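Structural description and commentary
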Amino acid sequence: SQQGEEDPQALSIQEGENATMNCSYKTSINNLQWYRQNSGRGLVHLILIRSNEREKHSGRLRVTLDTSKKSSSLLITASRAADTASYFCATDAPGGYQKVTFGTGTKLQVIP
Amino acid sequence: DAGITQSPRYKITETGRQVTLMCHQTWSHSYMFWYRQDLGHGLRLIYYSAAADITDKGEVPDGYVVSRSKTENFPLTLESATRSQTSVYFCASSDGLATMDEQFFGPGTRLTVL
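Heads up: these notes are all about the structure in this document. (Residues numbered from 1 in each chain as written. Chains lettered and ligands numbered in written order. Predicted model: local features only at pLDDT ≥ 70, side-chain atom pairs only at ≥ 80, totals over all residues. Heavy atoms only, no water.)

Before going further, it helps to examine the overall build of chain B. Of the regular secondary structure elements, chain B holds zero helices and 11 strands. For chain B, the sequential pattern of α-helices and β-strands runs β-β-β-β-β-β-β-β-β-β-β. Against the compact-globule benchmark of 13 Å for 114 residues, chain B has a radius of gyration of 13 Å, which places it among compact chains. When the backbone C-alpha atoms are referred to their principal axes, chain B occupies close to 40 × 30 × 25 Å. Taken across its 114 residues, chain B has 48% of its residues classed as buried. Long-range contacts, defined as pairs at least 24 residues apart, comprise 54% of the intrachain contacts of chain B with a sequence gap of at least 6. Carbon and sulfur atoms make up 48% of the accessible area of chain B, which amounts to about 5400 Å² in all. (Helix = DSSP H or I, 4+ residues; strand = E, 2+ residues; numbered from the N terminus. Rg over C-alpha atoms; globule rule 2.2 N^0.38 Å. Buried < 20%, exposed > 50% of the residue type's maximum accessible area, 1.4 Å probe, protein only. Contact = heavy atoms within 4.5 Å. Areas by Shrake-Rupley, 256 points an atom, 1.4 Å probe, with all protein chains shown as cover.)

Residues and elements named next belong to chain B. Tallying each qualifying case throughout the model produces six salt bridges over all chains. Residue Arg 36 is joined to Asp 38 by a salt bridge in which the shortest nitrogen-to-oxygen separation is 2.8 Å. Look at Arg 36 and you get buried, because its relative accessible area is 8%. Ionic pairing is found between Arg 44 and Asp 38, a salt bridge with its closest N-O pair at 3.0 Å. Like Asp 38, Arg 44 is buried. Taken together, the shared-partner salt bridges connect Arg 36, Asp 38 and Arg 44 into one network. (Salt bridge = Lys/Arg side-chain N within 4 Å of Asp/Glu carboxyl O.)

With 24 residues of chain A in contact, the opposing surface of chain B contributes 27 residues. Carbon and sulfur atoms supply 52% of the area that chain A and chain B bury against each other, a total of about 2000 Å² over both sides. The largest share of the area that chain A buries against chain B comes from Tyr 97, Gln 98 and Lys 99 of chain A, three residues that together contribute 32% of it. At the junction of chain A and chain B, the tally comes to three residue pairs in polar contact (both at pLDDT 80 or more). Listing elements by their share of the side of chain A that touches chain B, those giving two or more residues are β4 (31-37), β5 (43-50), β9 (85-92) and β10 (100-102) of chain A. Of the residues forming the side of chain A that touches chain B, the biggest block, five residues, is contributed by β4 of chain A. (Buried area = accessible area lost by both parts, 1.4 Å probe. Polar contact = N/O pair within 3.5 Å; in protein donor to acceptor, adjacent residues only side chain to side chain.)

Right, dumping it as structure tokens:
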């Protein structure tokens, strides 16, 4: 069963706008990652946030983690057409070293 | 070439046939993974391996067999393909130095079972 569920399932915005996608998970975690998948390609790691961190930045990406609500958000600022992709959160599986469980993804379309 | 490669990239087979998907990585990563990606399900873990000769089941292992005789290779075999195994298969690897490392993904194999 999926540990993470992304919301919304699909998002369409204009270039230059910010895009926010959310991930909710069911059981306690130690780490959460976000990945990007361009159409027809493998996933690419974007950022990892640990359970003792509340916020993390990487370039135009900002990730927050609220362990009390079992949720995370990924914010992409000043979006570009090249950001068009699907975005997945991944959480460490309970009791599974290196095993991760992926959510179902948010499909982002950035319109030029 | 450096990185993680999968072959074939596309495969069409018939129900009941045996199919092997290949995965090769050049980083000497300890961990390797096989996922399948289907619409509405995201990625689901089929099998993973912590090192050569060490493999373990993931979420959806039924109908699949893996082996890992060498660190760099992790083939996935469908012993008797079924239509429900039509999917896109991704191989990934990670170095296993932390509890949750970045995973590096191959380009995927699109498998169609007729």
